[in-house]
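Close look at the chain arrangement
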Amino acid sequence: MNQTEPGVLVLAATPIGDVEDASPALRRALLAADVIAAEDTRRFKELCRRLGLEPAASVVSYFEGNEAGRVEGLLTSLREGATVVVVTDAGMPVVSDPGFRIVQAAAEAGVRVTAVPGPSAVLTALAVSGLPSDRFTFEGFVSRKPGERRRILSELAGERRTMVFFEAPHRLAAFLADAAAELGAERPAVVCRELTKTYEEVLRGTLGELAAWATGEVRGEITVVVAGAVPRAGSLPDAVADVLTQVDAGERFKAAVSAAAERHGVTKQALYDAALAARKERA
């Protein structure tokens, strides 16, 4: 370890399936590391075996259960000048995987944080889905509790951006059934299974159709892409009434117009003018 050089934290993306997706930059990072923090040390060693690599770094476990407890030790190594590489089982660290806590601590300590970009289930699924990709939101794993899951999905019913979710195979049927109930059974969606692997499968349909399909046995890593809500042709009079009700309840006029325009699918300017005229008539 070169003590004269400042330490650096490297977030290194690993293959999500096909080991040939490992980049030359990933190989270099692993061989140059002083410390490697791996989500599962056994899976990491298997990855190295398949890549034909023998890193000289010290390898420590770094998973959800011990993430908080590992931060101080990793930060000490960084302060002493070490190159610390964080890898998870698949994809980019931090994105629904361990890594956030050490990134936050390193940034606060003034330690350089960089990344080795690479495979991502989120972007891969979005790209192959055929759904709009110009604007999207990543929702990760929603709650496994039915009531909380339905509440979260209900809150997303009006989301206009394409949504990307992760889900465990044994909970997929329940998730899709709840999504169909809360977002609409006719909402277009795509289930991506085992991306980049031998048995990769991309299933397109409505949430209702996919929910019916998922009642059978489903295996593998799952990413679900759901189309955003289609803006509805709103009623300007209804939106005006909504604004006046909000203002009467104490909301600021501009804030009420903005919220009502979103809910009713009308333009803010048209609603502003109509609501302002309605207020003057009531005065």
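Report on the accompanying structure. (Residues numbered from 1 in each chain as written. Predicted model: local features only at pLDDT ≥ 70, side-chain atom pairs only at ≥ 80, totals over all residues. Heavy atoms only, no water.)

**Some words on the sheet that holds strand 2 (residues 35-38)**
Counted only if it meets this: The criterion for strand pairing is that DSSP finds at least two bridges linking the strands in question. A run of H or I in DSSP counts as a helix once it spans at least four residues, and a run of E counts as a strand once it spans at least two, with each numbered from the N terminus. Orientation is described by axes fitted as lines to C-alpha atoms, over the contacting stretch for helices, and by angles from 0 to 180 degrees between their N-to-C directions. Residues are treated as being in contact if the distance between any of their heavy atoms lies within 4.5 Å.
Taken in spatial order, the five strands of this open sheet run 3-2-4-1-5, and their pairing is parallel. Edge positions in the sheet fall to strand 3 (58-61) and strand 5 (112-116), since each of these pairs with one other strand and no more. Across this sheet, the average inter-strand angle for adjacent strands is 25 degrees, counted without regard to direction. Relative to strand 4 (residues 83-87), strand 1 (residues 8-12) runs parallel, the two sharing four bridges. In the sheet register, Leu11 faces strand 4, and the bridge partner there is Val86. Sitting on the sheet, helix 4 (residues 100-108) is in contact with strand 1, strand 4 and strand 5, with an inclination near 150 degrees to strand 1.

**Considerations on the nonpolar core**
The condition that has to hold: Residues grouped as a nonpolar core are buried Ala, Val, Leu, Ile, Met, Phe, Trp, Tyr and Cys residues, joined through side-chain atoms within 4.5 Å. Only protein chains enter the calculation, and the probe is 1.4 Å; a residue is then buried if its accessible area is under 20% of its type maximum, exposed if over 50%, and partly exposed in between.
Core analysis: the biggest nonpolar cluster contains 22 residues, and Phe165, Leu172, Leu176, Leu207, Val224 and Val226 have the highest contact counts within it. Elements with a contribution of two residues or more to this core: helix 6 (146-155), strand 7 (162-167), helix 7 (172-183), strand 8 (188-193), helix 8 (207-213) and strand 10 (222-226). With six residues, helix 7 is the largest single contributor of residues to this core. Not counting residues within four places of it along the chain, the set of residues in contact with Val224 comprises Met163, Val164, Phe165, Leu172, Phe175, Leu176, Val190 and Val191. Among the nonpolar cores identified, the runner-up in size contains 20 residues, and Ala12, Phe44, Leu47 and Leu51 belong to it.

**Points about the sheet that holds strand 8**
Taken together, five strands build an open sheet; the order of strands is 6-7-10-8-9 and the sheet is mixed. At either margin of the open sheet sits one strand with a lone partner, and together these are strand 6 (136-141) and strand 9 (201-206). Within the sheet, the average angular offset between the axes of one strand and its neighbour, ignoring direction, is 15 degrees. Both strand 8 and strand 10 contribute to a ladder of five bridges, which runs antiparallel. Within strand 10, the residue paired with Ala189 across the bridge is Val226.

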